[in-house]
Amino acid sequence: MSGPVVTSSSARDSAPGVASPASPAREMSTGLRQWLVVVLAVLSGATDAIGLVALGGAFTSVMTGNLVILGVSASTTDGELATASGGAIVAFCLGVYAGARLAGSARAGDAVWPRAVTLGLVVELVLMTAYGIGWWISGGEPGTVLTQVLLFTMAAALGIQSSTVQRFGVNGLSTTYLTGTLTTVVMKLAGGKGLREVRGSLQILLGLVVGAAAGAGLVEVAPLLAPVLQIGCLAAVIVVAVVVTRRRPS
């Protein structure tokens, strides 16, 4: 595949007869993107914990775990567990499909934070807000049917996030399926790489753990605040992304 043709901004601006863009978009640093990805991992951890503890005992992003739970439910004839795990898998896959359609795949010349990523996260925010409203209406204690609806809504939201993050085109970068991330960290350390080489991955893994602890803790002590953590994390990422990458005034 042939590489992209790159034109420097200085050459473009000085070329006769070539108009400069009236309002070029600001660029985000990779360091800031890393921290925003860590916040998304916090969201993933909290959402998975809430699904596991309070919404039917299934995960919202760890589909390997749900496949195992589905198998266990088949051998134990636990219909509710089968519905929760199987439905979450289907909802997650639908979310992945929607996120892939919204954000697309990485392209040559992409910004550090493509605008399509923000679009995908906005749709995720709509789903998370819908879940939050359902959670609050039920007083944090949804019945059987609403429990499944909320679980599936969160699974679809994290499916969108999972495929949207792939638009960055960074090998191994994920905010949901992190077994591969952990494997890569251990392999790099075993191969003699220093902690600096795996620092970003460790930050994401720590974010997942912190999010899970916070989500499960809120369900126990202040259940009505659980969606605030999730929606707050996602909204913060979107706001920062929009502010940093907004177009400069002409």
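Residue indices follow the written sequence of each chain, beginning from 1 at its first position. Only residues with pLDDT of at least 70 are given local features in this predicted model, and only at 80 or more are side-chain atom pairs given and counted; all residues enter the totals for whole chains, interfaces and linings. Excluded from the side-chain calculation are hydrogens and water; included are all heavy atoms of the structure.

Chemist: Can you walk me through the pattern of salt bridges in this structure?
Modeler: Think of it this way: side chains of opposite charge can pair up when their charged atoms draw near. One side-chain nitrogen of Lys or Arg within 4 Å of one carboxyl oxygen of Asp or Glu is enough to make a salt bridge. Scanning the model with the defined rule gives one salt bridge in all. Between aspartate 110 and arginine 167 there is a salt bridge, with the nearest N and O atoms lying 2.9 Å from each other. With aspartate 110 in the loop between helix H4 (79-103) and helix H5 (115-137) and arginine 167 in the loop between helix H6 (144-165) and helix H7 (179-190), the pair connects residues that are 57 residues apart, well separated along the chain. Under the DSSP-based scheme used, a helix requires at least four consecutive residues in state H or I and a strand at least two consecutive residues in state E, with every element numbered from the N terminus.

Chemist: What am I meant to see in the side chain of threonine 164 here?
Modeler: Topologically, threonine 164 is positioned in helix H6. Here a polar contact is taken to be a pair of N or O atoms separated by no more than 3.5 Å, where protein atoms must pair a possible hydrogen donor with a possible acceptor and residues adjacent in sequence count only if both atoms sit in side chains. Among the polar contacts made by the side chain of threonine 164, one reaches the main-chain carbonyl oxygen of isoleucine 160 at a distance of 2.7 Å.

Chemist: Just checking my understanding: could you explain the nonpolar core for this structure?
Modeler: Side chains of nonpolar character tend, in soluble globular proteins, to be buried together. In this description, a nonpolar core means a group of buried Ala, Val, Leu, Ile, Met, Phe, Trp, Tyr and Cys residues linked to one another through side-chain atoms lying within 4.5 Å. Throughout, exposure labels follow a simple rule: accessible area from a 1.4 Å probe, protein chains only, divided by the maximum for the residue type, with under 20% read as buried, over 50% as exposed, and the rest as partly exposed. Ile50, Leu55, Trp113, Leu121, Met128 and Tyr131 are the most contacted members of the largest nonpolar core, which has 46 residues in total. Considering each element in turn, this core owes the most residues, eight residues, to helix H2 (residues 30-54).

Chemist: Is there a simple way to think about the confidence of the model for the protein chain in this case?
Modeler: Low-confidence regions, as indicated by low pLDDT, have predicted coordinates that should not be scrutinised in detail. Each residue carries a pLDDT score, the predictor's confidence in it, ranging from 0 to 100. When pLDDT is averaged along the protein chain, the result is 88, and 88% of the positions lie at 70 or above. Note on contacts: a residue pair qualifies if any of its non-hydrogen atoms lie within 4.5 Å across the two residues. A low-confidence stretch, residues 1-23 (pLDDT under 50), is modelled with eight contacts involving residues beyond four sequence positions or located in other chains.

Chemist: Explanation requested: the packing of aromatic side chains in the structure shown.
Modeler: The geometry of an aromatic ring pair comes down to the distance between the two centres and the angle between the two planes. Stacked, tilted and edge-to-face pairs are distinguished by plane angle, under 30 degrees for stacked and over 60 for edge-to-face with tilted covering the rest, among Phe, Tyr and Trp rings (Trp via its six-membered ring) whose centres lie within 6.5 Å. One pass over the full model with this rule turns up two aromatic pairs. Taken together, a centroid distance of 5.0 Å and an interplanar angle of 55 degrees make the contact between tryptophan 113 and phenylalanine 168 tilted. Residue tryptophan 113 is located in the loop between H4 and H5, and its partner phenylalanine 168 is located in the loop between H6 and H7; the two are separated by 55 residues in the primary sequence. Judged by its relative accessible area of 3%, tryptophan 113 falls in the buried class. Summarising the aromatic geometry, the rings of tyrosine 131 and tryptophan 135 are spaced 6.2 Å apart at their centres and angled 50 degrees between planes, so their arrangement reads as tilted. Separated by four residues within a single helix, tyrosine 131 and tryptophan 135 lie in helix H5, roughly one turn from each other. Across the ring face of phenylalanine 168, the terminal group of arginine 33 is positioned such that the distance to the ring centre comes to 5.2 Å. Lysine NZ or arginine CZ positioned within 6 Å of the ring centre and within 35 degrees of the ring normal marks a charge as sitting over the ring.

Chemist: What's the story with H2 in this structure? I'm lost.
Modeler: Note: α-helices contain 3.6 residues per turn, so residues at a spacing of three or four share the same orientation. A helix is expected to span 1.5 Å multiplied by its residue count minus one. With 25 residues, H2 extends 36 Å between its outermost C-alpha atoms, agreeing within 8% with the 36 Å of an ideal straight helix rising 1.5 Å per residue. Following H2 by one or two positions, glycine 56 adopts a phi angle in the positive range, close to 95 degrees.

Chemist: Honestly, the environment of glycine 87 in this entry has me stumped. Any pointers?
Modeler: Mapping glycine 87 onto the fold places it in helix H4. Residue class for glycine 87 comes out buried when judged on its relative accessible area of 19%. When the C-alpha positions of glycine 87 and alanine 155 are compared, they lie 8.9 Å apart, and in sequence the two are 68 residues distant. Those residues in contact with glycine 87 that lie beyond four places of it in its chain are Ala82 and Phe152.

Chemist: Would you explain H4 in this entry?
Modeler: Taking 1.5 Å per residue, 25 residues should reach 36 Å; H4 reaches 35 Å between its end C-alpha atoms and fits that length. Turning to H4, its buried residues number three or more, namely Leu81, Ala84, Ser85, Gly86, Gly87, Ala88, Ile89, Ala91, Phe92, Gly95, Gly99 and Ala103. Two or three places before glutamate 80, at the start of H4, stands the capping residue aspartate 78, its side-chain oxygen 3.3 Å from that residue's backbone nitrogen. Of the residues one or two after H4, glycine 104 is the one with positive phi, at around 70 degrees.

Chemist: Is there a simple way to think about the environment of valine 42 in this case?
Modeler: Mapped onto the secondary structure, valine 42 falls in helix H2. Accessibility expressed as a relative area gives 16% for valine 42, which makes it buried. When the C-alpha positions of valine 42 and leucine 229 are compared, they lie 9.2 Å apart, and in sequence the two are 187 residues distant. If sequence neighbours within four positions are ignored, valine 42 has contacts with Gly207, Leu208, Gly211 and Cys233.

Chemist: Can you help me understand the packing of H2 against H6 in this one?
Modeler: In helix packing, the relevant descriptors are the interaxial angle and the interaxial distance, both defined with respect to the helix axes. Note on method: axes are straight lines fitted to C-alpha atoms, helices fitted across the in-contact stretch only, with angles between N-to-C directions ranging 0 to 180 degrees. For the pair H2 and H6, the least separation of the axes is 11 Å and the interaxial angle reads 155 degrees. As far as their axial angle goes, H6 and H2 are roughly antiparallel. H6 is crossed by H2, and the crossing has left-handed handedness. Contacts between H2 and H6 pair Leu40, Leu43, Ser44, Thr47, Ile50, Gly51 and Ala54 from the former with Thr147, Leu151, Met154, Leu158, Gln161 and Val165 from the latter. The residue classification treats Ala, Val, Leu, Ile, Met, Phe, Trp, Tyr, Cys and Pro as nonpolar and Asp, Glu, Lys and Arg as charged. All others, Gly included, are polar. Class assignment of the residues belonging to the contact of H2 with H6 gives a composition of eight nonpolar, five polar and no charged. Each angle is binned into one of four classes, with values under 35 degrees roughly parallel, values over 145 roughly antiparallel, values of 65 to 115 roughly perpendicular, and all other values oblique. With the far helix as reference, a near helix turned anticlockwise by less than a right angle produces a left-handed crossing, and one turned clockwise produces a right-handed crossing.

Chemist: Just to check I follow, could you spell out the side chain of threonine 176 for this structure?
Modeler: You can see threonine 176 is positioned in the loop between H6 and H7. Judged by relative accessible area, threonine 176 falls into the buried class, the value being 3%. Of the polar contacts made by the side chain of threonine 176, one reaches the side chain of serine 162; its length is 3.0 Å.

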